[in-house]
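Structural features, examined
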Amino acid sequence: MPLVMRIKRIHHLTVAVRDVERARDTFEALFGAAAEEPRDIEAFGVLTRDLAVGESMLQLAAPRGPESPITRFIERKGEGFYNLALEVDDLDAAVGELTERGIKVSEPIEATPGLRSAFVTMAATHGLSLQLVEIVVAEDSGGSGEEQMPEMSDSTAAGDATPAEDTPLDLTPDEWSDEA
C-alpha cells in the first residue's frame, strides 16, 4: 500500500549531549552557526539549543535530570544522534495513515507554539526516535510557550485517533525507547 502522507523536509536533527553550552561552542566553531537562545523544555526534561546549519536545523539537547530520556540514552550509548524530526504537510492525516497500518503513534500535540508533533514507536523504525512535525499558524498566541508531553491512548494503535484522557506518553517503555 503506497504512502499518501507528504513529507516536506527534515525539520531538525537532535543530538543528545551532556552539556548543551559546551556542545554549542563546538558546533558554532565547526560551522560558524550562531545558536538560538536556550530553551528549557520541562515536559521532556531537556535543555535545548537550536543551530541553523545551512537551511537545516541542528538541535542540541541536554538532560535536565536523571529521569530525562536523554539521560538514559547517553548512559547507554554516549552522546550522539538522538532524533529525526520530519515535517509533514498534514500531521493528523499522517498519524491516521500510520495508525491504520497498525503502527503506534502518539497523539498529535502542539509541543511549542506553532509546532505540532507526534512520535512514532521506535519498534516500527528500527530503534530510531522519529518525530513527525507540522508547522501551524497559531490562532491564539497567548500560550505559555512551554512544551507539553504528547498523549497516547491504547486505541491509537488500533487506528482510533481519539485523544487520551490522562495518559502521558512515557518515552521509556519498549515501544517508545531503544530498550526493546
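The coordinates are above.
Residue positions within a chain follow its written sequence, with the count starting from 1. pLDDT decides what is reported in this predicted model: residues at 70 or higher carry local features, side-chain atom pairs at 80 or more are listed and counted, and totals for whole chains, interfaces and linings draw on all residues regardless. The side-chain values count all of the structure's non-hydrogen atoms but skip hydrogen atoms and water molecules.

Things to note about the pairing of strand S7 (residues 115-120)
Relative accessibility thresholds used throughout: buried, under 20% of the residue-type maximum; exposed, over 50%; partly exposed, between the two (1.4 Å probe, protein chains only). Helix numbers and strand numbers start at the N terminus; a helix is a DSSP run of H or I with at least 4 residues, a strand a run of E with at least 2. Burial within S7 is extensive, with 6 of its 6 residues counted as buried. Along S7, one buried face is formed by Leu115, Ser117 and Phe119 and the opposite face, lined by Arg116, Ala118 and Val120, is buried too. As paired elements, S7 and strand S8 (residues 129-135) share 6 bridges and run antiparallel to each other. When the bridges of S8 are listed, alanine 118 appears paired with leucine 132. A strand pair is defined by DSSP finding two or more bridges across the two strands.

Quick word on a nonpolar patch on the surface
Like charges within 9 Å and nonpolar side chains (Val, Leu, Ile, Met, Phe, Trp, Tyr) within 5 Å are joined into patches, using only residues over 30% in relative accessible area that form no salt bridge. Each accessible area is a Shrake-Rupley result for a 1.4 Å probe, and residues are judged covered by the shown protein chains and nothing else. Should a side-chain nitrogen of Lys or Arg be within 4 Å of a carboxyl oxygen of Asp or Glu, the pair is scored as a salt bridge. On the surface, Ile10, Leu13 and Phe81 cluster together into a nonpolar patch covering about 260 Å² of accessible area. Tracing the sequence through the fold places leucine 13 in strand S1 (residues 7-16).

Remarks on the packing of aromatic side chains
Under the pairing criterion, centres of Phe, Tyr and Trp rings, with the six-membered ring standing for Trp, must be within 6.5 Å; the plane angle then separates stacked pairs below 30 degrees from edge-to-face pairs above 60, leaving the rest tilted. Scanning the entire structure with this criterion turns up 2 aromatic pairs. Between the aromatic rings of phenylalanine 27 and phenylalanine 31, the centroid separation amounts to 6.0 Å while the plane-to-plane angle is 20°, which identifies the pairing as stacked. Linking phenylalanine 27 with phenylalanine 31, this pair stays in helix H1 (residues 20-31), spanning 4 residues, or about one helical turn.

Some details on helix H2 (residues 69-77)
Among all positions of H2, only Pro69, Ile70, Thr71, Arg72, Phe73 and Ile74 are buried. In what follows, a contact means two residues having at least one pair of non-hydrogen atoms within 4.5 Å. Along its buried surface, H2 packs onto S1, strand S3 (46-53), strand S4 (56-63) and strand S5 (80-88). The N-cap residue of H2 is serine 68: its side-chain oxygen and the backbone nitrogen of isoleucine 70 are 3.1 Å apart. In the stretch just after H2, glycine 78 is the one whose phi turns positive, near 85°. For the purposes of these results, a polar contact is taken to be a pair of N or O atoms within 3.5 Å, where, inside protein, one atom must be able to donate a hydrogen and its partner to accept one; residues adjacent in sequence count only when each atom of the pair is a side-chain atom.

So, the pattern of salt bridges
Under the defined criterion, the tally for this structure stands at 11 salt bridges. A salt bridge links glutamate 79 to arginine 18; the nearest nitrogen and oxygen atoms lie 3.6 Å apart. Taken together, the residues glutamate 79 in the loop between H2 and S5 and arginine 18 in the loop between S1 and H1 connect sequence positions 61 residues apart. For arginine 116, the salt bridge identified is with aspartate 92, shortest N-O distance 2.8 Å. With arginine 116 in strand S7 and aspartate 92 in helix H3 (residues 91-100), this residue pair connects regions lying 24 residues apart in the sequence. Taking the relative accessible area as the measure of exposure, arginine 116 reaches 16% and is therefore buried. With a relative accessible area of 46%, aspartate 92 lands in the partly exposed category. Each of the salt bridges in this network shares a partner with another, and the network as a whole consists of Glu21, Arg24, Asp25, Glu28 and Arg49.

Here's the deal with the side chain of threonine 71
Looking at the element boundaries, threonine 71 is found in helix H2. You can call threonine 71 buried: its relative accessible area is 12%. Of the polar contacts made by the side chain of threonine 71, one reaches the backbone oxygen of glycine 65; its length is 2.5 Å. If we skip the residues at most four places from it in the chain, threonine 71 touches Pro63, Gly65 and Pro66.

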